[in-house]
Amino acid sequence: MNALGAVFAREARLAWSGGGGAAGPAAFFLAAITLAPLAIGPAADLLSAVGPGIMGFAALLSVLQSADRLFGDDHGDGTAELYLLSGVSPAWLVLAKVMGQAAATLWPLPVIGCLGAMMYGVPVQPALIGALALLAAIPALSLIAGFAGALAAGIRRSGLLIALIATPMMVPVLIFAAGAGRSAFEGDERAVANLLLTLAVSLGTTALAPFGIAAAIRSRLS
Amino acid sequence: MQSATEIAPDMPALATETLRVSGLSLARGGIELVRDFSLELAPGDAVLMSGPNGTGKTTLLRALAGFIRPDAGEIRFGDLPPGEAAADYLGWLGHADGLKHNETPRSALRFWADLTGQSRKAILPLMRGMAVESLIDRPASRLSRGQQRRTALVRVALSNRPIWLLDEPAGPLDGGGRARLAALVAWHRARGGSVIAATHQLLDWPEAKRIDLGAHR
């Protein structure tokens, strides 16, 4: 098996065997979208209007929720040093790692996002577009969470630092992803534009973030 | 005691290289730990570094691996600095064993073999050499500290790199484990490999050069 495939497969396997796989982010996401209406109130038209936005926001939080483990564990158990000495380009390696983890743990988010939006009273088509936008946002969200996690690796109570670093960086992708669902709900033609912009942010993050993550890992080891 | 010939995995020949360190100075947190340290490690050599806690044994190993930039001096693998050469020449055993608690040695070692482009066929013979082959399907969290260390040593050998940097390799090992470590190191040196180990224990490796790092302050 080639090196990057091995990293991807191992991350996915480790996420399943120890971290409960997709259960953690999914449970967090479900809890957030279940509790939100209790706070907002029972007005049906209000709920369907905020539905797409809540889905994007809750998905972002559930990605952040496990960000400390992604590179924090590697830092603590000596894996990070071995990665840097493996001879594989660190940027490619961390990209494979983040994507392996995301594929194993974040796949339920678009599904729950679609069903959740419909439960909020959003019609099927806007709910599907919102789910597509979540899917397009996952690479950006998980790489930004990974970058923050790598910078904070090995620091006690790294969660605070991760939230401070990642939250501002996630602003564009949240605006576009939630905007796609919202415009689709309002029957606005900007839905597709927002969807494409979400994808563009994800692609840009995929191109840049791995270098940042690799540099962060190296600096945390020196 | 296990003889060196009993560890005989089928592995490609080592790309041997000489490590040269000259005039190295290292400081951590404003405190100078190592001053004007020089060393030449030719293929087949072994160096045992000792010294009280805090004398910079780990820092020195980390500098050799390229994780820390030295304040002065030069580190060369052949003609190359650590940043370019470490991944080609170094087998690394740090403080931590690099094991995931929910992963079995079988999965972990297969992964490291795949990642570093080595054959998986050497895993079993090397595990037999460290007497951990019966634990191959047990998650690392259920291995003892010594068994984890032995598994990590198998990973170092599996990498098929010529220069091993070992930080307290025998720390949690029992007498039998130390003998097997000695046999593993003897096998590696016989192939043209070299070893630098930081250790507090009296390791009986034949013709190993001993360096007291406390004397370099």
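Just above, that's the structure.
Residues numbered from 1 in each chain as written. Chains lettered and ligands numbered in written order. Predicted model: local features only at pLDDT ≥ 70, side-chain atom pairs only at ≥ 80, totals over all residues. Heavy atoms only, no water.

Engineer: Help me understand the overall build of chain A, please; the structure alone is not making it clear to me.
Structural biologist: The secondary structure content of chain A amounts to 11 helices and zero strands. Along chain A, helices and strands appear, N-terminal first, in the series α-α-α-α-α-α-α-α-α-α-α. Relative to the compact-globule value of 17 Å for 222 residues, chain A shows a C-alpha radius of gyration of 18 Å, a close match. Taking the principal axes of the C-alpha coordinates as reference, chain A spans close to 55 × 30 × 30 Å. Across the 222 residues in chain A, those meeting the buried criterion constitute 55%. If you take every contact in chain A between residues at least 6 apart in sequence, the share linking residues at least 24 apart comes to 80%. Of the side-chain charges in chain A, 10 are positive and 10 negative, and the distance between the mean point of each set is 10 Å. (Helix = DSSP H or I, 4+ residues; strand = E, 2+ residues; numbered from the N terminus. Rg over C-alpha atoms; globule rule 2.2 N^0.38 Å. Buried < 20%, exposed > 50% of the residue type's maximum accessible area, 1.4 Å probe, protein only. Contact = heavy atoms within 4.5 Å. Lys, Arg positive; Asp, Glu negative; His and termini not counted. Charge placed at Lys NZ, Arg CZ, Asp CG, Glu CD.)

Engineer: When you look at the environment of Ala42 of chain B in this model, what are you seeing that I'm missing?
Structural biologist: All names here are of chain B. Assignment of secondary structure puts Ala42 in the loop between strand 2 (31–41) and strand 3 (46–50). A relative accessible area of 24% means that Ala42 is categorised as partly exposed. Residues Ala42 and Arg76, spaced 34 residues apart in sequence, show a C-alpha to C-alpha distance of 12 Å. Look past the residues within four positions of Ala42 in its chain and what remains in contact with it is Thr18 and Ser194.

Engineer: Got a minute to help me understand the sheet that holds strand 3 of chain B in this structure?
Structural biologist: Consider a sheet: its strands pair through backbone hydrogen bonds, and that pairing is either parallel or antiparallel. All names here are of chain B. Pairing within the open sheet is parallel, and its five strands lie in the order 5-6-7-3-8. One side of each edge strand has no neighbouring strand; the edge strands of this open sheet are strand 5 (90–93) and strand 8 (209–212). Shown here is a sheet whose adjacent strand axes are inclined to one another by a mean of 15°, direction ignored. Sheet analysis places strand 5 next to strand 6 (residues 163–167), joined by four bridges and oriented parallel. Following the sheet pairing, Trp92 is matched in strand 6 by Leu165. Its contacts with the sheet put helix 5 (residues 145–158) on strand 5 and strand 6, and the angle it makes with strand 5 is roughly 170°. Contacts from helix 6 (residues 175–190) reach strand 3, strand 6 and strand 7 (194–198) within the one sheet, and its direction differs from that of strand 6 by about 155°. (Pairing = 2+ DSSP bridges. Axes fitted to C-alpha atoms, helices over the stretch in contact; angles between N-to-C directions.)

Engineer: Please clarify how the sheet that holds strand 2 of chain B should be interpreted in this entry.
Structural biologist: All names here are of chain B. Strand order in the open sheet formed by three strands is 2-1-4, and the pairing between neighbours is antiparallel. Only two strands of the sheet have a single neighbouring strand rather than two, namely strand 2 and strand 4 (72–77). Averaged over all adjacent pairs, the angle separating strand axes in this sheet is 25°, with direction ignored. By the bridge criterion, five bridges tie strand 1 (residues 19–28) to strand 4 in an arrangement that is antiparallel. Each residue of the ladder has a partner; that of Arg20, found in strand 4, is Arg76. Against the sheet, helix 1 (residues 57–64) engages strand 1, strand 2 and strand 4, with an angle of about 125° to strand 1.

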